[in-house]
Each structure stands twice: as C-alpha cells, then as structure tokens.
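# Topology and contacts: notes
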Amino acid sequence: MATIADKTTLDTGTLDVRPMTPAIGAEILNIDLGASDIGALVPQIRAALLKYGVIFFRDQQLTQEQHIAFARQFGELEIHPATPKDQPNPEVLRIAHGPDSRGSENNWHSDVTWRECPSLGSILLAREVPECGGDTLFANMHLAYERLSEQMKRFCEGLTAVHDIARVFAKRLNKAPQDLHDKYPPMRHPVIRTHPETGERAIYVNTGFTSHIEGLSDKESRWLLDHLYATAADVEIQCRFRWRAGSVAFWDNRVCQHLAVSDYFPARRVMERVTVAGDKPYFKA
C-alpha cells in the first residue's frame with residue numbers, strides 16, 4: 001500500500017496550474033509532454049493529478065511513441081482487448097467515431113473496472129475533433145460519496161459490486177459473454193473504494209460495467225445502483241472540457257468518472273488513449 005498523501009500539501013512545483021472548478025480539474029499550461037526531459041516534471045504532474053483528479057494539456061504534438069513514453073513515466077501500461085492484434089503500438093487504444101459510428105461512451109463510467117486491477121489513470125489525446133461538440137465531462141466521486149447521508153455511507157461501505165466486461169464489449173467485439181469471461185471473468189470490487197494514495201473514499205460503481213450488488217435482491221440492487229449512478233450527474237462536482245486537436249486529458253480513474261458527449265454525430269472525433277495499470281480496489285474502514 002502506498003504512503004497516504006495529504007492533498008493540501010501536494011507540491012505542483014513550477015507547473016503553471018489553472019484550476020477549472022473548485023471540485024475537479026485543472027489545466028497545466030506551457031509544458032511539452034514530448035520533451036526529452038519531461039521525466040523531471042513527473043513528480044509535479046503526479047501531484048497535480050492527485051490534487052485535481054483530472055489534468056489537461058493543450059497543443060501537444062505527440063507521436064504515438066511519445067504518448068506511450070510519457071504514460072510509462074507513471075507505471076506499467078495496459079493493452080485493451082478492443083485493440084487490434086496487428087496494431088504496431090498495442091498500448092494505444094484508438095477511439096474513432098464519425099458518419100458510420102455514433103459515439104457510445106456517453107454514460108458516466110470509470111475505465112476497465114472489469115479488471116481485477118483496474119487502471120490507475122487514462123491519458124487521452126485528441127487527434128481529430130468536430131468543429132463543435134464532443135466535450136468530455138468529469139465527476140469527482142469522492143465528493144459524490146461525501147454528499148451521501150451518514151447512514152447511506154455506512155450501508156454502502158459494507159457492500160461489494162460485480163463488474164462485467166461483457167455488458168459493454170460482448171456486442172462491440174462481437175463475442176459471446178462466456179468467451180470474454182474465459183479471459184476476463186466478472187470481478188468483485190467494493191462499492192466504496194479507498195484511494196491508495198490520498199486515502200479518500202469514492203463511489204466505485206458505474207453504469208457501464210457494474211452488473212449488480214452482492215447480497216441484495218435484484219430490485220434492491222437496481223434501486224441502489226441507480227441512486228449511486230445519479231450522484232455523478234451533480235454539476236457541482238464536475239468539470240467540462242472542450243477539446244482541440246492536440247489536447248490531452250489525464251484522469252485518475254480511481255476517483256473520477258467521465259462521460260463523452262456524443263452530440264457531434266455525424267462529424268468525426270478521433271482520440272487515442274494510453275492507460276496506466278493500477279492496483280486492486282479495497283475499502284479501508
């Protein structure tokens with residue numbers, strides 16, 4: 001377990017940081033993520049990530065190799081099962097939508113919670129964006145937890161939810177659920193997760209991958225999940241990012257949920273994501 005950091009004392013050093021909202025998000029200006037000496041700034045960038053939940057960078061002219069190299073500064077990288085097997089850089093997940101493919105990421109979710117060890121964070125680079133639309137929203141799920149009643153907090157802290165890759169990717173990958181489960185079986189994670197670096201508690205169920213809560217009836221599970229899902233929609237715990245080509249978002253998948261607005265159809269939106277591997281979620285009483 002990592003040493004717990006006090007967020008109020010996190011040092012972002014020389015970074016030019018501009019917070020986006022009081023709840024979440026900050027833009028970091030005047031930085032080149034592809035620079036050969038970017039490693040020297042990694043501790044400050046990591047501090048900003050922990051402090052703000054999601055950080056944004058503009059005008060990054062990164063090759064795929066530079067994108068991968070930057071992400072590797074923060075840990076081991078994941079390869080997503082949706083990545084074509086013959087792709088030169090398997091660490092890069094390309095997410096492209098246009099006239100023949102309407103965006104389908106327009107629901108509140110955390111990435112790859114169907115893994116035993118879901119990702120630490122995702123680093124998303126915009127390659128092509130519509131003239132208007134296609135924003136991404138981010139929600140601070142620690143603040144969502146803090147806004148629950150004390151009774152609801154105590155109830156949820158003792159619960160475990162099941163996360164299933166097949167809910168989203170069976171159809172996208174044209175595979176039977178059991179075929180996916182052979183390699184990625186459904187995973188059990190706490191409904192309330194403790195952040196391994198800040199100690200914060202956050203709601204850790206999402207509309208994309210959570211199938212049910214163990215120990216509850218189907219009706220009880222659905223009611224509670226719907227209630228917890230809805231907490232992400234609180235505008236006072238969100239920020240909204242408008243993309244430009246070359247923009248980068250780096251979010252902490254352990255405390256954030258995000259939603260990609262699909263209002264730009266039939267225009268094109270092409271993004272590339274590199275994902276940093278994380279650790280097994282836990283709840284610490």
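In what follows, the accompanying structure is described. (Residues numbered from 1 in each chain as written. Predicted model: local features only at pLDDT ≥ 70, side-chain atom pairs only at ≥ 80, totals over all residues. Heavy atoms only, no water.)

On to the overall build of the protein chain. Helix and strand counts for the protein chain stand at seven helices and 15 strands. A compact globule built from 285 residues should have a C-alpha radius of gyration of about 19 Å, and the protein chain, at 18 Å, falls within 12% of that. Along the first, second and third principal axes, the C-alpha set of the protein chain runs to 50 × 45 × 35 Å. Counting all 285 residues of the protein chain, 55% fall into the buried class. Sequence separation of 24 or more characterises 83% of the internal contacts of the protein chain that already satisfy a separation of 6 or more. Taken as two groups, the 33 positive and 37 negative side-chain charges of the protein chain have centres that lie 2 Å from each other. (Helix = DSSP H or I, 4+ residues; strand = E, 2+ residues; numbered from the N terminus. Rg over C-alpha atoms; globule rule 2.2 N^0.38 Å. Buried < 20%, exposed > 50% of the residue type's maximum accessible area, 1.4 Å probe, protein only. Contact = heavy atoms within 4.5 Å. Lys, Arg positive; Asp, Glu negative; His and termini not counted. Charge placed at Lys NZ, Arg CZ, Asp CG, Glu CD.)

The next point concerns the environment of M187. Structurally, M187 is set in strand β8 (residues 187–190). On the accessibility criterion, M187 (16% relative accessible area) is buried. Expressed as a C-alpha distance, the spacing of M187 and V162, which sit 25 residues apart in the sequence, is 5.5 Å. Leaving out residues up to four positions away in the same chain, M187 has contacts with W114, R115, E116, A161, V162 and H163.

With that settled, consider the sheet that holds strand β2 (residues 26–29). Overall, mixed pairing links the seven strands, which are arranged β1-β2-β3-β13-β5-β15-β4 in an open sheet. Either end of the sheet is taken by a strand with one partner, and the two such strands are β1 (16–19) and β4 (92–97). Neighbouring strand axes in the sheet, compared pairwise and without regard to direction, differ in orientation by 25 degrees on average. Sheet topology note: the strand β5 (residues 121–128)/strand β13 (residues 248–252) ladder contains five bridges and is antiparallel. Its bridge partner being in β13, I123 is matched across the sheet by F250. (Pairing = 2+ DSSP bridges. Axes fitted to C-alpha atoms, helices over the stretch in contact; angles between N-to-C directions.)

Moving on to the pattern of salt bridges. Scanning the model with the defined rule gives 21 salt bridges in all. Between D111 and R273 there is a salt bridge, with the nearest N and O atoms lying 3.4 Å from each other. Pair noted here: D111 is in the loop between β4 and β5 and R273 is in strand β15 (residues 269–276), with a separation of 162 residues, a long-range link. As far as the burial class goes, D111 and R273 line up, both buried. With its nearest N and O atoms 3.3 Å apart, the salt bridge here joins R193 to D279. Here R193 is found in strand β9 (residues 192–194), whereas its partner D279 is found in the segment after β15, with 86 residues between them in sequence. (Salt bridge = Lys/Arg side-chain N within 4 Å of Asp/Glu carboxyl O.)

In terms of burial, helix α1 (residues 42–52) is a largely internal element, eight of the 11 residues being buried. All of the buried residues along α1 are V42, Q44, I45, A47, A48, L49, L50 and Y52. G53 sits one or two residues past α1 and shows a positive phi near 85 degrees.

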